Amino acid sequence: MLDAYIKYVRYLAVFTIVGMIFYGGCTSTSNVTHEAAGIVIPSVSPSVSTLTSAETEEAEIVKNGKFSTVTVTFQNLNAIPVTLKYYKVEYQDGYNGEKIGSLSFGADLAQTIPGSTAGTSATAATTATTPTTATTGSTASASGNSITLSVVNQKVKNEMYRVLTDSTDNRILTAKITFYGIDYNANGLELNASVTIVP
């Protein structure tokens, strides 16, 4: 009798464990209907920011030199709009990867990128506003599915041309641009792009 009871308890335990695994697996699946991974950055143009003005002396470049702005283009592969709320730019030494925290800045952003329909990419944003000016003096402008921003300000030029009389002291920097936002279901979203800055 005791053997039959122990066998019954074992079967009951096995069925309970299997049931818990099955039930737990069913209930733990996500009920989110939209994944933020549907938005991608197909292009960053140019991928290398260089001097666009005519200065040749390092002191003049640091004082007045203009570097190319960067345009980041987004594509939303899903049918639900995504809103970008904030962006941050961080800098690293291009040679040794050392992070230069004093150059980092960020600003608010209000850019909605609509979802694609019938497999085609969207071409116009429902909202496009200029973000607030960052404390470092760099600004961004939003148009359609693209955001254009400057990654070279006065502080960045000072870091690239540290000793104005020694051209071997110049250094290449890498700007890492991170965009933060939310999708239609308020899921968090983070997108990354990078640009090389050549003195």
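A quick note: this is a predicted structure, and the numbers were derived from the prediction, not measured. (Residues numbered from 1 in each chain as written. Predicted model: local features only at pLDDT ≥ 70, side-chain atom pairs only at ≥ 80, totals over all residues. Heavy atoms only, no water.)

**Comments concerning the overall build of the chain**
Applied cut-off: Secondary structure counts use DSSP, requiring at least four H or I residues in a row for a helix and at least two E residues in a row for a strand, with both numbered from the N terminus. Three exposure classes are used, based on accessible area relative to the maximum for each residue type with a 1.4 Å probe and protein chains only: buried under 20%, partly exposed in between, and exposed over 50%. Here a residue-residue contact requires only that any non-hydrogen atoms of the pair lie within 4.5 Å. Note on areas: Shrake-Rupley with a 1.4 Å probe; residue coverage comes only from the protein chains shown.
In terms of regular secondary structure, the chain is built from three helices and ten strands. Starting at the N terminus and ending at the C terminus, the chain contains elements arranged as α-β-β-α-β-β-β-β-β-β-α-β-β. When burial is assessed residue by residue, the chain has 35% of its 199 residues classed as buried. A separation threshold of at least 6 residues defines the contact pool for the chain, and within that pool the share at least 24 residues apart is 64%. A total accessible area of about 11300 Å² is found for the chain, and carbon and sulfur atoms account for 56% of it.

**Some thoughts on the nonpolar core**
What counts here: We call a set of buried Ala, Val, Leu, Ile, Met, Phe, Trp, Tyr and Cys residues a nonpolar core when their side-chain atoms join them within 4.5 Å.
Ranked by size, the top nonpolar core spans 33 residues in total, and within it Phe74, Leu84, Tyr91, Val151, Phe179 and Ile197 carry the most contacts. Taken together, the elements giving at least two residues each to this core come down to α2 (58-64), β3 (70-76), β4 (82-93), β5 (105-113), β8 (146-149), α3 (154-160), β9 (173-183) and β10 (188-197). The dominant element in this core, judged by the number of residues it contributes, is β4, at five residues. Excluding residues that lie within four positions of it along the chain, Phe74 makes contacts with Ile39, Val40, Ile41, Pro42, Leu84, Ile113, Asn145, Ile147, Phe179 and Leu191.

**Considering the side chain of Asp93**
Threshold: Polar contacts here mean pairs of N or O atoms no more than 3.5 Å apart (in protein, one a potential hydrogen donor and the other a potential acceptor; neighbouring residues in sequence count only if both atoms are side-chain atoms).
Locating Asp93 in the fold gives a position in strand β4. One polar contact links the side chain of Asp93 to the main-chain amide nitrogen of Tyr95, over a distance of 2.7 Å.

**Side note on the packing of aromatic side chains**
To be explicit about the condition: Aromatic contacts are taken between Phe, Tyr and Trp rings whose centres are within 6.5 Å, Trp giving its six-membered ring; a plane angle under 30 degrees counts as stacked, one over 60 as edge-to-face, and the others as tilted.
The final tally for this structure, using the stated rule, is four aromatic pairs. Where Tyr87 meets Phe179, the ring centres are 6.3 Å apart and the plane angle is 40°; that geometry is what we call tilted. With Tyr87 in strand β4 and Phe179 in strand β9, this pair connects stretches of sequence that are 92 residues apart. Overall, Tyr87 belongs to the buried group, its relative accessible area being 1%.

**Observations regarding the confidence of the model for the chain**
The cut-off we apply is this: Per-residue confidence from the prediction method is given by pLDDT, with values spanning 0 to 100.
Averaged over all residues, the pLDDT of the chain is 77; the fraction at 70 or higher stands at 67%. Averaged over each element, pLDDT in the chain is lowest for strand β6 (residues 127-128) (36) and highest for α3 (95). The low-confidence segment residues 22-34 (pLDDT under 50) makes ten contacts with residues lying over four places distant or belonging to another chain. In this model, residues 118-137 is a region of pLDDT below 50 whose contacts with residues beyond four sequence positions or in other chains number 43 contacts.

**Notes on the pattern of salt bridges**
Going by this rule: Throughout this description, the term salt bridge denotes a Lys or Arg side-chain nitrogen within 4 Å of a carboxyl oxygen of Asp or Glu.
Taken as a whole, this structure holds five salt bridges when the rule is applied. Among the salt bridges present, the one from Lys99 reaches Glu90, with a minimum N-O distance of 2.8 Å. Arg162 is the salt-bridge partner of Asp169, the closest N and O atoms lying 3.6 Å from each other. Relative accessible area serves as the criterion here: at 17%, Asp169 is assigned to the buried category. Judged by relative accessible area, which is 43%, Arg162 ranks as partly exposed. Bridged by salt links that share partners, the residues Lys88, Glu90 and Lys99 form one connected network.

**A word on the pairing of β10**
Let me state the cut-off plainly: For two strands to be treated as a pair, DSSP must find no fewer than two bridges joining them.
Burial along β10 is one-sided: the residues Leu189, Leu191, Ala193, Val195 and Ile197 are buried and none of Gly188, Glu190, Asn192, Ser194 and Thr196 is. When strand β2 (residues 48-49) meets β10, the two strands line up parallel, connected through two bridges. For Ser49, the partnering residue across the bridge sits in β10 and is Ile197. Bridging between β9 and β10 involves ten bridges; their strand directions are antiparallel. Bridging across to β10, Ala175 finds its partner in Val195. Hairpin connection, β9 to β10: the antiparallel pair is bridged by four residues, and Ala186 has positive phi, about 65°.

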